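Take a look at the letters that make up each chain.
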Amino acid sequence: MGRRKVTHQLIADNATRRVTFRKRKDGLLKKINELTILCGLPACAIIYSEYKDGPELWPNVNEVRSLLDRLSELPVEKQTKYMMDQKDLMKKMIQEAEKKLEKEKWYTRAMKLGIMASTSDLTTDTDCSEELAKAAEVVDKKLKAIRERIKAVEAGAPIIKRE
């Protein structure tokens, strides 16, 4: 039996909302528990809801307090390093998209230059200086990357680069 698509909006019926909250909270706590067991790392959860007075703490008060103390001992830069609000997330997504677009532009330029070189005689009167300058820039970047990789391999880096 498949699941139906869930629209993410406030559930109008209070009883249904309470049941959904309980089920999703239990699922979240189960995932956190699995994460701590499988990866051997400490984790905690603090959940506030309208259904209980005060927060629900997982796994227990002492563990939560211990982890929060560890967090507060870190410098502010490390505490907030991976924190993101909606604005930061959108900035990151835009930067990644712009980076991808730039790569695609370079690839397209290289393809156009390859087609141009294979279909026309570059020794004619056609002014190809702009395209050739771009091609030279691409070749220079590739040569620089190759030289850096050779130096890294000579310094002991693995030959196969894993990403």
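Just above sits the structure.
These figures come from a predicted structure and were not determined experimentally. In this convention, every chain numbers its residues from 1, walking through the sequence in written order. The predicted nature of this model means local features are confined to residues of pLDDT at least 70 and side-chain atom pairs, given and counted, to a pLDDT of 80 or more, with totals for whole chains, interfaces and linings taken over all residues. With hydrogens and water set aside, each side-chain value is computed from the structure's full complement of heavy atoms.

Trainee: Whenever I open this one, the overall build of the protein chain confuses me. Can you help?
Mentor: Strands here mean DSSP runs of E at least two residues long; helices mean DSSP runs of H or I at least four residues long; both are numbered from the N terminus. Summing up its helical and strand segments, the protein chain has five helices and two strands in all. Listed N to C, the secondary structure of the protein chain is α-β-β-α-α-α-α in terms of helices and strands. C-alpha atoms define the radius of gyration in this analysis, and the globule rule sets the expected value at 2.2 Å times the number of residues to the power 0.38. Relative to the compact-globule value of 15 Å for 163 residues, the protein chain shows a C-alpha radius of gyration of 28 Å, a clear excess of over 25%. The C-alpha extent of the protein chain, read off along each of the three principal axes, is 80 × 45 × 35 Å. Sorting the 163 residues of the protein chain into buried and exposed places 10% on the buried side. The long-range share in the protein chain, meaning contacts at least 24 apart out of those at least 6 apart in sequence, stands at 28%. Counting every atom, the protein chain has about 14800 Å² of accessible surface; 57% of that belongs to carbon and sulfur. Computed over 34 positive and 26 negative side-chain charges, the inter-centroid distance for the protein chain is 7 Å. Accessibility here uses a 1.4 Å probe with only protein chains present; expressed as a share of the type maximum, an area under 20% marks a residue as buried, one over 50% as exposed, and anything in between as partly exposed. Any pair of residues with heavy atoms lying within 4.5 Å of one another is described as a contacting pair. The Shrake-Rupley method, run with a 1.4 Å probe, gives the accessible areas here. Residue values count only the displayed protein chains as cover. Residues counted as positive are Lys and Arg, residues counted as negative are Asp and Glu, and His and the chain ends are not counted. Note on charges: their place is set at NZ of Lys, CZ of Arg, CG of Asp or CD of Glu.

Trainee: Where do I start with helix α2 (residues 61-73) in this structure?
Mentor: Turn by turn, an α-helix covers 3.6 residues, leaving residues three or four places apart pointing in a common direction. Multiplying one less than the number of residues by 1.5 Å gives the expected span of a helix. Helix length check: α2, at 13 residues, gives a terminal C-alpha distance of 18 Å against a target of 18 Å (1.5 Å per residue), a fit within 8%. Taking the backbone nitrogen of N62 as reference, a side-chain oxygen 3.2 Å away marks N60 as the first, capping residue of α2. Any pair of N or O atoms that falls within 3.5 Å is considered a polar contact. Within protein, one atom must be able to donate a hydrogen and the other to accept it, and sequence-neighbouring residues count only if both atoms are side-chain atoms.

Trainee: Would you explain the pattern of salt bridges in this entry?
Mentor: Opposite charge on two side chains permits pairing when their charged atoms draw close. What makes a salt bridge here is a side-chain nitrogen of Lys or Arg within 4 Å of a carboxyl oxygen of Asp or Glu, nothing more. Counted according to the given criterion, the structure contains one salt bridge. Residue K25 is joined to E56 by a salt bridge in which the shortest nitrogen-to-oxygen separation is 2.7 Å. Linking K25 in helix α1 (residues 14-39) with E56 in strand β2 (residues 56-58), this pair joins segments that are 31 residues apart in sequence. Both residues of the pair, K25 and E56, count as buried.

Trainee: Is there a simple way to think about the packing of aromatic side chains in this case?
Mentor: Two numbers describe a pair of aromatic rings. These are the distance of the centres and the angle of the planes. Aromatic pairing here means that ring centres of Phe, Tyr or Trp (its six-membered ring) are within 6.5 Å. Orientation follows from the plane angle: under 30 degrees is stacked, over 60 is edge-to-face, and everything else is tilted. Scanning the entire structure with this criterion turns up one aromatic pair. Seen from their ring centres, F21 and Y51 are 5.3 Å apart, and the 45 degrees between their planes marks the pair as tilted. In this pair, F21 is assigned in helix α1 and Y51 in the loop between β1 (45-47) and β2, connecting sequence segments 30 residues apart.

Trainee: What is the right way to read the layout of surface pockets from this model?
Mentor: In this approach, a probe sized like a water molecule rolls over the atoms, and the result shows the empty space that is left. Definitions used for this entry: grid spacing 1 Å over protein atoms alone; cavity, a set of points where a 1.4 Å probe fits but cannot get out; pocket, an open set with protein on both sides within 12 Å along at least 5 of 7 lines; lining residue, one with an atom within 4 Å of a point. Grid points are joined across faces, edges and corners, and a volume is the space filled by probe spheres set on the points. Of the volumes computed, that of the largest pocket is approximately 670 Å³. Forming the walls of the largest pocket are 15 residues, and the residues nearest its centre are R4, V6, I11, T20 and R24. Residue classes in the lining of the largest pocket are distributed as five nonpolar, five polar and five charged. The calculated volume of the second largest pocket comes to roughly 380 Å³. Along the walls of the second largest pocket sit 10 residues, with K103, W106, V138, K141 and K142 positioned nearest its centre. Listing elements by their share of the lining of the second largest pocket, those giving two or more residues are α4 (86-119) and α5 (129-154). The element best represented in the lining of the second largest pocket is α5, accounting for five residues. Looking at the lining of the second largest pocket residue by residue, the classes come out as three nonpolar, no polar and seven charged. For this scheme, ten residues count as nonpolar: Ala, Val, Leu, Ile, Met, Phe, Trp, Tyr, Cys and Pro. Four count as charged, namely Asp, Glu, Lys and Arg, and the remainder, Gly too, count as polar.

Trainee: Please clarify how unusual backbone geometry should be interpreted in this entry.
Mentor: Trans is the common state for peptide bonds, and a negative phi is the common state for residues other than glycine. For the bond running from W58 to P59, omega is 0 degrees, close enough to zero to count as cis. Along the chain, P59 falls in the loop between β2 and α2.

Trainee: Got a minute to help me understand the nonpolar core in this structure?
Mentor: Inside soluble globular proteins, nonpolar side chains tend to come together where they are buried. Ranked by size, the top nonpolar core spans six residues in total: L29, I32, A43, A45, I47 and W58. Of all elements in the fold, only α1 and β1 reach the threshold of two or more residues within this core. Once residues within four sequence positions are removed from consideration, A43 is found in contact with I32, T36, W58, P59 and L67. Residues belong to one nonpolar core when they are buried, are Ala, Val, Leu, Ile, Met, Phe, Trp, Tyr or Cys, and are joined through side-chain atoms within 4.5 Å.

Trainee: Honestly, a nonpolar patch on the surface in this entry has me stumped. Any pointers?
Mentor: In this scheme, patches are assembled from residues that exceed 30% relative accessible area and form no salt bridge. Like charges are connected within 9 Å, while nonpolar side chains (Val, Leu, Ile, Met, Phe, Trp, Tyr) are connected within 5 Å. Taken together, the side chains of I46, Y48, L57, V61, L68, L71 and L74 define a hydrophobic patch exposed on the protein surface, amounting to about 600 Å² of accessible area. Per-element accounting of the nonpolar patch gives the leading share, three residues, to α2. As for its position among the elements, Y48 is in the loop between β1 and β2. The class for Y48 is exposed, based on a relative accessible area of 62%.

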